[in-house]
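The residues making up each chain are set out below.
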Amino acid sequence: MGKTPVGRATAVALAATVVAACGGGGGDAGDGKVKLSIGVFSDFGYTNLIKEYQAAHPDIEIEQRTVKMEQHHTQLATQLAGGRGAADIVAIEEGNITQFRQSKDKFVNLADHGAKDLESQWAAWKWNQGTTDNGNFVLGLGTDMGSLALCYRRDLFEAAGLPTDREEVGKLWPTWEKYLEVADAFSAKLPDKKFVDTAQNVYKAILDQTEEGYFAKADDSFIGDKNDKVEQAFTLAASLGEKKQTGALAPFSQDWNVALKQASFATTTCPAWALALIKAGAGDEASGKWDVAAAPGGGGNWGGSFLAVPKQTKHPKEAYELAKWLTAPEQQKRIFKETGNLPSEPAAYQDPEVTATENEYFNSAPVGQIFGNSAESLKPTYRGTKDSKVTPVFGNALSRVETGKQSTADAFDQAVREARDAVK
Amino acid sequence: MTVAPERAAGRGTTSAPPPAQRLSWRDKLGRLDAKFTPYVVIAPFFVVFGIFGLYPLLHTAWVSLHEWQLIEGDQGFTGLANYAELLSDGNFWNALGNTVSLFLLSTIPQLFAALGLAALLDRGLRGRAFWRAGVLLPNVISVAAVALVFAQLFGRDFGIVNALLGFVGVDPVDWRAETWASHLAISSMVMWRWTGYNALIYLAAMQSVPKDMYESAMLDGASRWRVFWSITVPSIRPTILFTVIVSTIGGMQLFVEPQLFDPGGTATGTGGDDRQFQTLVMYLYEKGFRLFDAGYSSAIAWVLFLVILVVAVVNFTVARRIASKG
Amino acid sequence: MRFTKAGPLAYAVLVVVLLASVFPLYYSFLIASKDNSALGDAVPSLVPGGNLIDNLTRVFDTVDFWLAMQNSLVVAGTVAISNVVLGTLAGFAFARLRFRGSNSLFLVVVGTSMVPTQLGVIPLYMLMSDLDWYGTLQAVIVPALIGAFSVFWMRQACEESVPYELIEAARVDGCSVLRTFWHVAFPAVRPQAAVMGMFTFMTAWNDFFWPLIVLDPNDSPTVQVALSTLASGYYTDYSLMLSGASLAVLPVVGIFILLARQIVGGIMQGAVKG
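Since the structure is predicted, the reported quantities are computational estimates derived from the model, not experimental observations.

## Description of the overall build of chain B
And then number 1: From N to C terminus, chain B includes 15 helices and two strands.
And then number 2: Computed over C-alpha atoms, the radius of gyration of chain B comes to 27 Å, more than 25% over the 20 Å expected from 2.2 N^0.38 for 326 residues, which places it beyond the range of a compact globule.
And then number 3: Dimensions of chain B, computed from the C-alpha atoms along their principal axes, are close to 90 × 70 × 35 Å.
And then number 4: Residue burial in chain B is summarised as follows: out of 326 residues, 49% are buried.
And then number 5: Here the contacts in chain B between residues at least 6 apart in sequence split such that 70% fall between residues at least 24 apart.

This is the structure in structure tokens:
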């Protein structure tokens with residue numbers, strides 16, 4: 001929307017005459033300082049780092065804006081569309097970055113400021129997620145990553161006659177098929193408890209372990225309707241729902257929190273950032289009852305973000321410098337210690353300080369090591385530009401199976417139909 | 001239309017008008033005043049609306065004729081293609097059905113309840129101010145806060161509604177999963193917020209019904225019920241029309257309540273896993289702000305506008321007929 | 001009918017209605033007074049917990065609530081006053097003044113309220129950007145200075161409460177339109193104008209869709225924007241959010257209680273006249 005339609009100009013002129021007294025504002029502080037804003041969501045752990053950066057750079061003033069994750073991305077889209085108002089540095093979550101990649105001309109190509117020299121800092125897949133045009137356009141620098149593990153409740157496992165040691169639990173489910181067998185054994189013993197919170201997350205985890213999901217790596221075309229891997233993952237996850245082994249919970253909703261509190265399910269897929277959620281939901285009385293084991297099917301990743309610089313900024317260079325500093329291994333390590341956000345750079349997540357980290361709440365699981373390993377063994381999946389349009393469609397379909405509204409086959413057929421519409 | 005002669009008269013260029021008809025400057029000013037002041041006092045509305053309402057609306061119309069990506073902007077003129085697609089879009093018709101269902105479910109009982117409540121409040125009560133303030137209270141709470149609280153009340157595994165149902169032996173209801181249950185829950189939010197408000201509007205109108213009308217009816221020995229329907233309701237007919245129209249406009253644009261009722265919230269919420277409570281504005285929001293399809297979203301906005309127009313006119317006619325009966 | 005005394009049944013119904021009105025508010029206070037994890041109890045307890053002060057402290061630690069209150073007061077106050085003045089003037093014109101096109105212009109006013117607001121957001125946002133109003137309170141205030149609802153409402157009020165004869169009398173006395181308005185019409189509709197002012201105040205105070213988009217959560221938050229900041233985490237802390245929400249409701253309820261008496265008094269006054 002670069003062009004200014006005549007109507008808009010007229011409206012502006014009119015509005016300006018109506019309220020001549022108002023206006024002005026914006027821009028830099030009068031004291032000659034460069035004012036940078038950084039727009040993030042949830043907790044990026046930047047508050048202390050920003051203070052430090054300001055102290056080291058007296059000519060720079062930084063303002064942090066935090067809103068809810070979905071709001072953050074909607075707002076960013078509006079601001080990019082409107083051409084103003086975006087922060088100088090914006091965080092973009094992994095699930096949303098494919099969509100913003102399409103609008104790369106609204107962002108600064110960080111390669112112009114020398115970002116390519118930093119490539120080796122990140123795990124290759126993380127770096128690639130933040131770039132486009134065969135790596136020539138650097139859209140964002142990676143912050144944290146989710147990695148993937150499986151959290152389980154020790155007391156429920158014990159009651160179901162299953163092992164409780166995290167190594168042994170990990171060996172129970174080398175594959176997702178084995179995971180389903182464990183589910184059957186669990187349900188036979190404890191029919192009143194659910195084995196897993198939601199089929200949606202299981203499905204996402206399985207699909208993210210395949211090389212191609214809904215879209216072809218070669219040409220970004222939609223293949224969700226013919227890719228066997230999609231149907232397999234769907235059927236596998238849906239079978240848990242058909243057998244009523246899931247809690248039919250919307251992931252991370254309030255019902256999910258309550259189910260945690262009531263100890264009504266025994267396992268959940270958990271990226272590093274989910275640990276804090278589980279702890280907050282289950283409460284202090286569940287301390288030591290949850291534990292972390294390796295996920296079935298090898299490693300994986302779920303979530304994590306990037307820092308990008310919108311083109312509307314007045315200070316692309318300063319913004320880039322700050323983003324570069326915030327995402328450097330040293331800082332990522334500190335953030336991990338403060339917030340538990342897992343670093344996305346080998347130099348940080350392989351650092352003994354990180355690998356030696358244990359999480360007391362989760363029965364002192366060596367989370368640094370578990371998540372680090374998972375990230376190492378991960379086979380990156382290709383995410384199409386329209387991935388975020390298709391994902392919710394399949395999530396809804398699984399939910400319909402879980403609540404008994406549809407059979408697996410019907411739900412899948414409907415999802416494929418809707419997905420075709422969504423990518424049209 | 002008579003501006004020019006008057007001006008001419010003012011300048012005194014016409015040949016001597018009869019003295020008796022000569023207007024003093026006060027009269028002339030008075031005429032100008034009567035003619036133009038109305039336009040001056042209604043102008044602010046039209047200026048504000050023109051800039052902040054009409055301009056965006058026309059812009060939206062323009063956008064709806066294009067394939068228009070939210071961030072990237074214009075991708076080419078497509079004429080009425082978005083509208084044609086909309087008419088064969090099952091999700092659109094589903095959303096329209098839900099919107100109408102939610103509207104009927106929340107508005108009709110609400111307006112009758114409000115009438116009854118107003119009639120109660122119109123009686124000789126002790127502590128009038130207290131009761132009136134009490135019924136209006138829900139309306140001052142923000143929709144977002146209301147949605148937040150009702151989400152607690154209607155929780156599947158923890159909500160007090162299911163707890164109460166449990167006491168009387170009813171199985172817990174999954175308020176979000178079932179179509180009828182979700183519509184009931186959302187309607188209850190709307191009703192809670194607006195019944196008292198409409199009751200007070202009715203009350204204000206009832207207070208200006210002349211006393212002697214009641215007195216003569218009472219002398220005729222009419223029952224209270226009959227007096228209410230044959231005197232009170234017809235007397236406040238304009239007010240009832242007013243509330244019907246306002247409720248229609250608000251009801252057809254229902255958004256925040258159902259959107260926040262979806263556990264997916266604004267991020268992935270599609271009004272339930274089968275879109276069972278997705279309203280038109282929610283669909284518009286999904287297309288525009290989540291799928292970035294501004295062109296299609298704009299087309300939905302315009303169709304919605306037309307739907308509201310039609311429903312409002314139908315309502316107006318029906319309500320007028322009902323209110324004028326008896 | 002106001003001259004028949006209400007019986008016990010009437011009071012009983014009113015008590016039930018009142019309880020229903022207050023209960024959700026009490027419930028939000030209840031959650032605000034508890035630890036977040038208490039929400040997971042299968043049968044919720046209706047006894048307040050002891051965490052209210054703690055939760056409120058966290059609200060003030062997380063966001064600049066005073067600034068947000070101040071901003072909301074400026075926004076809602078300006079919008080309410082402006083709507084009362086401009087809405088009453090326009091409503092009076094439509095109800096009691098004869099001018100060409102008044103009917104069709106009024107239809108336009110009604111029609112404007114049928115425009116779904118959500119999609120106008122993008123062009124409106126672009127407009128605000130061009131005016132350089134992003135992050136300023138006028139971006140929220142100016143579009144709301146006068147709304148169709150206010151005009152509609154005040155027209156209705158004038159139809160009901162301003163008798164034609166009074167206008168004619170003032171006219172004969174040589175009063176100008178504005179004087180007639182000020183001395184005859186406005187006093188007659190003051191109660192309805194007060195009600196309307198209160199409603200617009202509440203609406204402006206509670207609006208959050210547009211402020212969220214156009215205001216800067218750090219520099220120029222309104223209360224609703226500040227509340228959304230409270231929910232910014234991956235994890236939604238309902239105790240924290242509802243503490244904030246309860247806090248945000250307090251001033252509105254306060255003003256409401258103050259004004260409610262006046263409004264009720266005003267309604268009675270109008271009734272005596274009618």
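On we go.
## Quick word on the UniProt feature "transmembrane region" (unreviewed entry) in chain C
And then number 1: UniProt tags residues 9–29, 73–93, 105–127, 133–154, 193–213 and 238–260 of chain C as "transmembrane region" (unreviewed entry).
And then number 2: What you have in residues 9–29 of chain C is 100% helix and 0% strand, and the ends, taken at the C-alpha atoms, are 30 Å apart.

## Here we look at the UniProt feature "transmembrane region" (unreviewed entry) in chain B
Residues and elements named next belong to chain B.
And then number 1: Cross-referencing UniProt, the feature "transmembrane region" (unreviewed entry) maps to residues 36–58, 100–121, 133–154, 184–206, 227–256 and 299–318 in the present numbering.
And then number 2: Secondary structure over residues 36–58 splits into 100% helix and 0% strand, and the C-alpha atoms at its two ends are 28 Å apart.
And then number 3: Along residues 227–256, the helical share is 87% and the strand share 0%, with 40 Å between the first and last C-alpha atoms.

## Here's the deal with the nonpolar core
And then number 1: One finds A:I89, B:A118, B:Y202 and B:I300 to be the most contacted residues of the largest nonpolar core, which totals 218 residues.
And then number 2: Of all hydrophobic cores here, the second largest spans 86 residues; its members include A:W122, A:V202, A:I278 and A:Y361.

## Brief notes about the environment of C:W210
Residues and elements named next belong to chain C.
And then number 1: As for its position among the elements, W210 is in helix α10 (residues 209–214).
And then number 2: When the 20 C-beta atoms within 10 Å are taken as the criterion, W210 is described as buried.
And then number 3: Along the chain, W210 and Y125 lie 85 residues apart, while their C-alpha atoms are 9.1 Å from each other.
And then number 4: Setting aside residues up to four positions removed in sequence, W210 forms contacts with V121 and V140.

## Considering the interface of chain C and chain B
For interface size, the figure often reported is the accessible area lost on association.
And then number 1: Opposite the 75 residues of chain C that make contact, chain B presents 79 residues.
And then number 2: Among the secondary structure elements, those contributing two or more residues to the side of chain C that touches chain B are α1 (8–32), α3 (65–96), α4 (102–112), α5 (121–131), α7 (148–161), α9 (177–206) and α12 (238–273) of chain C.
And then number 3: The biggest single contributor to the side of chain C that touches chain B is α12(C), with 14 residues.
And then number 4: Split by residue class, the side of chain C that touches chain B holds 53 nonpolar, 16 polar and six charged.

## What to know about unusual backbone geometry
And then number 1: Positive phi values are uncommon outside glycine, yet A:S42 reaches one of about 45°.
And then number 2: In this structure A:S42 comes out as buried when scored by C-beta crowding, with 21 C-beta atoms within 10 Å.

## Thoughts on the sheet that holds strand β2 (residues 60–67) of chain A
Residue and element names in this part refer to chain A.
And then number 1: Read across the open sheet, the five strands follow the order β2-β1-β3-β12-β6; overall the sheet is mixed. Across the chains shown, the open sheet's two edge strands, defined by having one partner strand only, are β2 and β6 (140–142). If you compare each strand with its neighbour and ignore which way they point, the axes differ by 25° on average.
And then number 2: Here strand β3 (residues 89–93) runs beside strand β12 (residues 305–308); their pairing, made up of four bridges, is antiparallel. Considered in β12, the bridge of A91 is made with L307.

Basis of the calculations
- Residues numbered from 1 in each chain as written.
- Chains lettered and ligands numbered in written order.
- Predicted model: local features only at pLDDT ≥ 70, side-chain atom pairs only at ≥ 80, totals over all residues.
- Helix = DSSP H or I, 4+ residues; strand = E, 2+ residues; numbered from the N terminus.
- Rg over C-alpha atoms; globule rule 2.2 N^0.38 Å.
- Buried ≥ 20, exposed ≤ 12 C-beta atoms within 10 Å, placed from the backbone.
- Contact = placed C-beta atoms within 7 Å.
- UniProt positions renumbered as here; feature names shortened; annotations may be inferred.
- Core = buried A, V, L, I, M, F, W, Y, C linked by C-beta atoms within 7 Å.
- Nonpolar A, V, L, I, M, F, W, Y, C, P; charged D, E, K, R; others polar.
- Pairing = 2+ DSSP bridges.
- Axes fitted to C-alpha atoms, helices over the stretch in contact; angles between N-to-C directions.

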